[in-house]
Each structure stands twice: as structure tokens, then as C-alpha cells.
Amino acid sequence: MAAHATAAVLVERAYKHYGSPKKSDYKSVLDNLNMVVQRGHIYGLLGPSGCGKTTLLSCIVGRRKLNSGDIWVLGGKPGEKGSGVPGPRIGYMPQDIALVGEFTVKDAVYYFGRIYGMPNDKLDERFQFLSNLLDLSHASRMVKTLSGGQQRRVSFAASLVHEPELLILDEPTVGLDPVLRDRIWDFLVEIARGGTAVIITTHYIDETRQANRIGLLRDGQLLAEEAPNDLLRKFDCETLEDAFYKLALRQQSQNQPTRRRSTLTPDVVPEPAVSAVESVPYESREDLTVVTSSTDVLTPSTKPFKYVSNYKSRYKAVFIKSIQQFSRNPGGLVFAVLFPIIQVLAFFSAIGHDPRDLQIGVVNEEALHSPYGLDICKNQSVQYITILEDERCQQYMTSCWFLEEMRKKELIPLFYDSATEAKDAVKNGKVYGSLHFSTNFSEALSNRIQDSDLAEDDVDDSNIDVWLDMSNHNIANFIKVQLLKAYKNFTKRTMRACGKNDRMGQIPAVFHDPIYGKEDPEIVAFMAPGVMITIVFFLSGIVTSTLMIGDRLEGVWERSAVAGVKAIEMLNVHILIQSIVIFVQTAEMMFLAWGPYDLPSKGSVLTIGILLYLQGLSGMCYGFLLSIYCDSYSVAFFVATGSFYPMILLCGIMWPLEAMTGGLRLFALTLPFTIPSIALRDIMQKGSAITEPAVVHGFLVTIAWIFVTLALCLVRLKYRKN
């Protein structure tokens, strides 16, 4: 890790796997121990899994920080402006593959080359060279179709593409055949002779014989740091594994009695009980101090970088990567582009239509007791209304008229002989309700209309008895409304036939044309604003969280950051691409809603589009929030699903806000699409302008959710420990 001569690493570390050792236990071993990697040297960092190798490398590349102490890389501290670390001066191959599965072999190598600002002709040259060196698979094969060993070769090539000054390899030869391992080591020796500093970790201890210097790390302690041959002579061993074994035994004996004794064999070095990388922070202690006696070498390098990574090259690389990743994922394309169409089609096809083929049990005793029975209603010669000499209106079999009006409302009569049979049919689920007409229904109804002094029997006989199955709220209320409409039309028809004012048979309350909406309101028009908002909100949120979590879990985000890509650049590219997707989703929904389904809208279509688009952006920010605070797909899915149902149930789509308790209503108003749904409904049904208070509030709530979620994301990123 040197710019010209050497660079020093100051690391302080302690673990608790076997108890807390005393400072005096390690002091004699570690005093004045230098950890120095010279330019043109290969440094092998060896040790069992969990001993801290990967964590130490993360600190060196600037992705983790020590609680105290300093790390100097290439003449400066990682992360300092102009240091090139993270950035193009180092090549980093992590332990995981950390490549986009939708990349081809060529795309994976070119992605990192573009980040480093390499010209295309140089990229072509380096790719051809690395393909021959590492026996890479065909350039057009996708990474996700390769075996583990083939993927590791591609990952190795990506770290070498820009010929870095410092090459850091975390177990690069795992899963490779011995012939290829030897070829890689020969290549590492060759580039080291050219001045490249190499730090390599490996499980194959004896393959580091070609390293200039090795460090043996176990249980958070650097046991030794020497040239391989010197270490073999010092411990009188033939293999480095034997030397490591003896060092482990000496460490074990020095740590007693505070540390548990483990059974050691020459072939097995015990691993810590807890993974150091996952469970133990890189704490600062005085137990391990690796120092240098001089800091004169810690001067900035005057050698210009071979390649310069600027924001244009990084944005270009990340943009191409995101397009490739998105376009080559059929499931993602279907979810992002076709899902809005499917959901809108499902909503408009299934919601808002009147129930059909509803059978109603009918007991028409008036017809049953007639000479023709139930067929009398089919007899065209029947005279239903007769005007007597005293101008009284005599009705006959007008129950047939009511049944006609009922059929017009798509209520199908199913006739029974008695009220008991009809009610039993309701209980057995054969019909949704039942009606009963008395024997002298028409005569009693005539008397009810024309006589002020009416016998109680006439009152009862002129009624239509109704029994409904109220277990299905929507259907029962629909039947109620349709029966009332049928009765309204029936009385109008009867009054006109009697030569009377048709309003005489109506209730004394006149409903004029509505100020907003239709006389017969459509439930689909009420629900559509909220449904479209929830679709665009949650689709963008789920797509964003899935992509971001995928990049993080696969290590792509981390590796890109080591290459010099800033988090804000990754976010900006994702925002750009996702914004385009949201625009397409919004356009799709609006086209379907106001095209084939002719959704009524009195307001500005542009205002509707802007509000829907902002809701999509709000959902995208919510997806960012999920991806940052959730560590896995499953957790993000549970949070998204768990938040979806409360939001959609409380936003007023399913049931009016006015029916909720005061506290719950206030909470519902803070949700991301409760007030925006009201605003969108006002635009569509009332023609409200963008300056109307309700519409302004909808926009303000949407924008507030965008800024609040982004602020929470920034807080999490700022205080998240690496």
C-alpha cells in the first residue's frame, strides 16, 4: 500500500470470542510490529474465516472506519479528496461475486472500466487480454448463468481491468482449478514487478509462498508478519500451514487461563464462535497495535492517476448498468410496465358494475287467486285501470306492473305459493330476498290513494312485504335501491293511468339534479382516484426497494462505491430511470381510464397527471426508505405488505373517513394518499382547479411525503455504521 516506498496501517482491534485477554498477554508479541506493504510487493493476509480479514480490507478501501487510529493508503487516508481511494487507484475483488446477474461477461468488465473513465479502445484491449488470461466464458453469456468458479473469474477480471496501483483481492482463487491458480499467481508476480502493490487473502495458505510478505491473522490478532521463507526457517517447518499451527498454539497458551482451550490439529485452525465481519464491530483497543516508527513516507503521490474517474464517466457507467439490469429482467419489466395495465383493467372490469341475475322470491296471491293464476300477468287483454263514473280509479292486478318494473331493474322474480316457502328459499340461499302481494293488493292500493279515511286492513293489504338476506351488505342494499326505484316508476305509471299527477304517489321530498356527480352515482368514479394513486405509489415503491436491496445484498452497490461511485450518483440514476417508468405507468393508467372506460372528469387532465406522477415519486422515495432500513427482501416485503393494507383501508376508498373515530380519522389524514385521493376526486368530479384549497392540500401532502422519506433516508445513511 505504498505510493513511492511504503505506507503504514495503524489498526487497533480486540475480539471477545474466548474472553477478554489482558493487555500484558499480547504486549511482548506485538510491540513495534510493522504492517507495511511496499510498492511492487505481494502481501498475503492469511487466517481462518471470521478472523477479520475482510473487515480489515473494507477499512483499507475506505468502506469502514475505525473507532480510533489511522489507515494510510497510497500516501493518504482513504476517503480524502484527491486520494483516489475509494476510486480508480485501487482494484478491489470482494469475497462475494458482487456482480449484476443480468450483466454479460463483457458488460461486467466494461461496467467497471467505464467507472474508471477508460476509453473504449483500451477497454477492448484489456477485455481480450483478461479473457485469455482467466479463460473467461463467452462474452455474451450472462453472469447469472455461470458457475461459481466462472463468476469468480469475471469478478477477478473486473478488478484488473484498469491496471490499478494497488490490487486488493479477497480470496480470489476459491473454486478455481490448480492450473489456473498457478497462472494467476504468475500474473500477480509479474504485475508486482511492474510496481503494483497486491494484498491478497486466501484459504490456500501454501499458495502464498510467492508473496513477498505474509501476515498471519487469528482471533483478531496479527500473529506474525514476515517473508514466507523467513517464517518457515524461524519455525523450522516445511509448510506455512505448520507454521501457522505453531503460532496458533503459542497464542493459545499465552491467552490462558482467561481464554478457553480449543482442540487444535495440524490441519484445522478453529474458527471464532462469532463471525467477526457480521457481529463484532472493528473496535479500537490497545490490545493490538500495529505501528510504524516513521511517518515520513506518508506523503501524497505526485504520480498522476492512470485513469481519471469523473462524474460523467460514473453516471454513464451506472446508467448503462441500470438499463441493462432492468431491460434483461422479464419479471421486472412485466411488473413495472404491464402490471399497471393489468391492475387498471381488473379494477374497471370488476368494480362498479351492478349485480346481475339476482333472483327474488315472489308470492303474488293476487294473481294466484285470479281465474288465470300467475299467467294473468301475461294476458294482454287484462284491463289494469278502470275509471268509474264518479271518477274514481279502480285498479286491477297492478302487481303485474310492479313485477314488470322490477324486471327492468334486472331483478328476476321466482314465484312461490306461500310466504313461508319464499322465506325458506331465502334461508337456503336460493334467492336473495322475497316479496309478498296480498290477495286484494290492487283494490287496497286504490283505496289508499283516494280515501283519506282508510281501514287498517286496506293499509296492510296495500303494502308489499319484503324479506331480504342482509348478510351480503352490498347486494342487499342494491336490491333495496332497485325495489324503491321500481316502486317509484310503478306509482308514476299508476297515477298517470288514473289521470292524476304522477308526483302524488311519491314521497314529499324532491331530489333535484345533483350539484356534483350524477343522480345515480357510480362507485367506480368514487374509487378510481384512490385506486390509481395506490397502484402508482406501491408499484414504484416495490420496484425501487427490490432493485436497491438486490444491489446491496449482491454487493454491487458496495463494490461500485469502492470503485469510486458515490451513493448520490447511484440514487440519481435510479431516480431518473424510475421517473421514466413512473411516467409510463401514469400514462398507461390515464389512457385506460379516460379512453376505453371513459371515466368522467371535469377538471384538468394535466393536473391529474401531475398529481399521479408525484404520487409515483412519493412511492419511489418510500421504496428508498424500505431498502435502507430493511436488510432483506423478506423484511421489505413484510413491511410493504403490512403498510399497504392499513393505508388502503384508512384512506377513504373502502369506507368514508366520516365513519371513523376522531383519532383514527386524524391518523388517516396523515397517510400518503388519503388527502391526495380527495384532491384527485375533486378535480375529476367537481372540476376543481389546482388553486382550490383541497387540491393544494393534496399536492402539499404528496410533496411532504417525498421530503420526509428522503430525509429519513439521509439520516439513516449518515448514521449507519459501516
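Structure shown above.
Residues numbered from 1 in each chain as written. Predicted model: local features only at pLDDT ≥ 70, side-chain atom pairs only at ≥ 80, totals over all residues. Heavy atoms only, no water.

J.: Teacher, can you tell me more about the overall build of the protein chain here?
T.: For the protein chain, the count of helices and strands is 25 helices and 14 strands. Residue burial in the protein chain is summarised as follows: out of 722 residues, 50% are buried. In the protein chain, the share of contacts with a sequence separation of at least 24, taken over all contacts with a separation of at least 6, comes to 76%. Of the accessible surface of the protein chain, which amounts to about 34400 Å², a share of 56% is contributed by carbon and sulfur atoms. (Helix = DSSP H or I, 4+ residues; strand = E, 2+ residues; numbered from the N terminus. Buried < 20%, exposed > 50% of the residue type's maximum accessible area, 1.4 Å probe, protein only. Contact = heavy atoms within 4.5 Å. Areas by Shrake-Rupley, 256 points an atom, 1.4 Å probe, with all protein chains shown as cover.)

J.: Please explain the sheet that holds strand 14 (residues 465–468) as it appears in this structure.
T.: By way of backbone hydrogen bonds, the strands of a sheet pair with one another, either parallel or antiparallel. Read from one edge to the other, the open sheet built from 4 strands follows the order 12-9-13-14, with strand pairing classed as mixed. Strands at the two margins of the open sheet, each flanked by one partner only, are strand 12 (411–415) and strand 14. Across the sheet, the mean angle separating the axes of adjacent strands is 25° when strand polarity is ignored. (Pairing = 2+ DSSP bridges. Axes fitted to C-alpha atoms, helices over the stretch in contact; angles between N-to-C directions.)

J.: How should unusual backbone geometry be read in this particular structure?
T.: Peptide bonds are mostly trans, and most non-glycine residues show a negative phi. With phi around 55°, D135 is a residue other than glycine that occupies positive phi space. Relative to the assigned elements, D135 resides in the loop between helix 4 (120–134) and helix 5 (148–160). Given a relative accessible area of 38%, D135 falls into the partly exposed group. Even without being glycine, E171 reaches a positive phi, approximately 50°. Its place among the elements puts E171 in the loop between strand 5 (166–170) and helix 6 (178–193). By relative accessible area, which is 5% here, E171 ends up buried.

J.: I'm lost on the sheet that holds strand 8 (residues 221–226) in this one. Help?
T.: Judged by pairing direction, the sheet is mixed, and its 6 strands sit side by side in the order 4-5-6-3-7-8 without closing on themselves. Edge positions in the sheet fall to strand 4 (90–93) and strand 8, since each of these pairs with one other strand and no more. When the angles between neighbouring strand axes are averaged without regard to direction, this sheet yields 15°. In this structure, strand 5 lies alongside strand 6 (residues 197–202), joined through 5 bridges in parallel fashion. Note on strand 6: the bridge partner recorded for L167 is V198. Helix 5 rests against strand 4 and strand 5 of the sheet, and its axis sits at about 170° to strand 4.

J.: Explanation requested: the environment of F235 in the structure shown.
T.: With respect to the helices and strands, F235 occurs in helix 7 (residues 228–235). Overall, F235 belongs to the buried group, its relative accessible area being 14%. Here the alpha-carbon distance between F235 and L247, two residues 12 residues apart in the chain, equals 8.8 Å. Discounting chain neighbours no more than four positions away, the residues touching F235 are A243, K246 and L247.

J.: I would appreciate a short explanation of the packing of helix 4 against helix 5 in the present structure.
T.: Two quantities define a packed helix pair, namely the angle between the axes and the distance from one axis to the other. Relative to each other, helix 4 and helix 5 sit at 140°, their axes nearing to 10 Å. Looking at the two axes, helix 4 sits oblique to helix 5. Our pair here, helix 4 against helix 5, has a crossing hand that is right-handed. Residue-level contacts link R126, L130 and L134 of helix 4 to R153, F156, A157 and L160 of helix 5. (Parallel < 35°, antiparallel > 145°, perpendicular 65-115°, else oblique. Left-handed = near helix turned anticlockwise from the far one by under 90°.)

J.: I keep staring at the state of the cysteines and nothing clicks. Help me out?
T.: The term disulfide refers to a covalent linkage connecting the sulfur atoms of a pair of cysteines. A full pass over the atoms with the stated rule returns 2 disulfides. Each sulfur in the disulfide pair C377 and C400 lies 1.9 Å from the other. Where C377 bonds to C400 through sulfur, the torsion about that S-S bond is close to -70°, and the disulfide is left-handed. Residue C377 is located in the loop between helix 12 (365–368) and strand 10 (385–387), and its partner C400 is located in helix 13 (residues 399–408); the two are separated by 23 residues in the primary sequence. (Disulfide = S-S within 2.5 Å.)

J.: Would you mind showing me how to read a negative patch on the surface here?
T.: Together, D236, E238, E241 and D242 give the surface a local cluster of negative charge. Position of D236 among the secondary structure elements: in the loop between helix 7 and helix 8 (240–255). (Patch = residues over 30% accessible without salt bridge, like charges linked within 9 Å, V, L, I, M, F, W, Y side chains within 5 Å. Salt bridge = Lys/Arg side-chain N within 4 Å of Asp/Glu carboxyl O. Lys, Arg positive; Asp, Glu negative; His and termini not counted. Charge placed at Lys NZ, Arg CZ, Asp CG, Glu CD.)

J.: Help me out: how do you make sense of the nonpolar core in this one?
T.: Nonpolar side chains tend toward joint burial in soluble globular proteins. Residues I42, F112 and L188 are the most contacted members of the largest nonpolar core, which totals 122 residues. If we ignore the near neighbours within four places in the chain, the residues touching I42 are W185, L188, V189, A192, V198, I200, Q210, A211, N212 and R213. (Core = buried A, V, L, I, M, F, W, Y, C linked by side-chain atoms within 4.5 Å.)

J.: Teacher, can you tell me more about the pattern of salt bridges here?
T.: Side-chain pairing between opposite charges can occur once the charged atoms of the two side chains come close. If you walk through the whole model with that rule in mind, you get 17 salt bridges. The shortest N-O distance in the salt bridge between D107 and R328 comes to 2.5 Å. Of this pair, D107 sits in helix 3 (residues 105–115) while R328 sits in the loop between helix 10 (311–327) and helix 11 (330–350); the two residues are 221 residues apart in sequence, bridging distant segments of the chain. A relative accessible area of 11% means that D107 is categorised as buried. Looking at R328, the relative accessible area reads 26%, which means it is partly exposed. The shortest N-O distance in the salt bridge between E163 and R126 comes to 3.9 Å.

J.: Whenever I open this one, the environment of L614 confuses me. Can you help?
T.: Looking at where L614 falls in the secondary structure, it is placed in helix 21 (residues 605–629). Look at L614 and you get buried, because its relative accessible area is 18%. For the pair L614 and I706, spaced 92 residues apart in sequence, the C-alpha to C-alpha distance is 8.5 Å. If we ignore the near neighbours within four places in the chain, the residues touching L614 are F699, T702 and I706.

J.: For this particular structure, what's the right way to read the environment of V701?
T.: Position of V701 among the secondary structure elements: in helix 25 (residues 693–719). Relative accessible area serves as the criterion here: at 17%, V701 is assigned to the buried category. Setting aside its immediate chain neighbours within four residues, V701 contacts L671, P672, I675 and P676.

J.: Explain the packing of aromatic side chains here, please?
T.: The way to describe two aromatic rings as a pair is by their centre distance and the angle between their planes. For the structure on display, the rule yields 20 aromatic pairs. Taken together, a centroid distance of 5.8 Å and an interplanar angle of 80° make the contact between F402 and F490 edge-to-face. Linking F402 in helix 13 with F490 in helix 17 (residues 473–497), this pair joins segments that are 88 residues apart in sequence. Of the two residues, F402 and F490, neither departs from the other in class, the shared state being buried. Ring geometry for F537 against F673: centres 5.4 Å apart, planes inclined by 75°, an arrangement best described as edge-to-face. (Phe/Tyr/Trp six-rings, centres within 6.5 Å; stacked < 30°, edge-to-face > 60°.)

J.: I tried to follow helix 4 on my own but got confused; where do I start?
T.: Each α-helix winds once per 3.6 residues, and so residues spaced three or four apart point in a common direction. Helix length check: helix 4 (15 residues) gives 21 Å between terminal C-alpha atoms against 21 Å at 1.5 Å per residue, within 8%. Turning to helix 4, its buried residues number three or more, namely K122, L123, R126, F127, L130, S131, L133 and L134. Axial view of helix 4: buried residues confined to an arc of 165°, hence all on one face. Facing away from the buried side of helix 4 by over 90 degrees, the exposed positions are D121 and N132. Buried residues along helix 4 sit against helix 3, helix 5 and helix 6. Of the residues one or two after helix 4, D135 is the one with positive phi, at around 55°. (Expected span 1.5 Å × (residues − 1). Arc of directions from axis to C-beta.)

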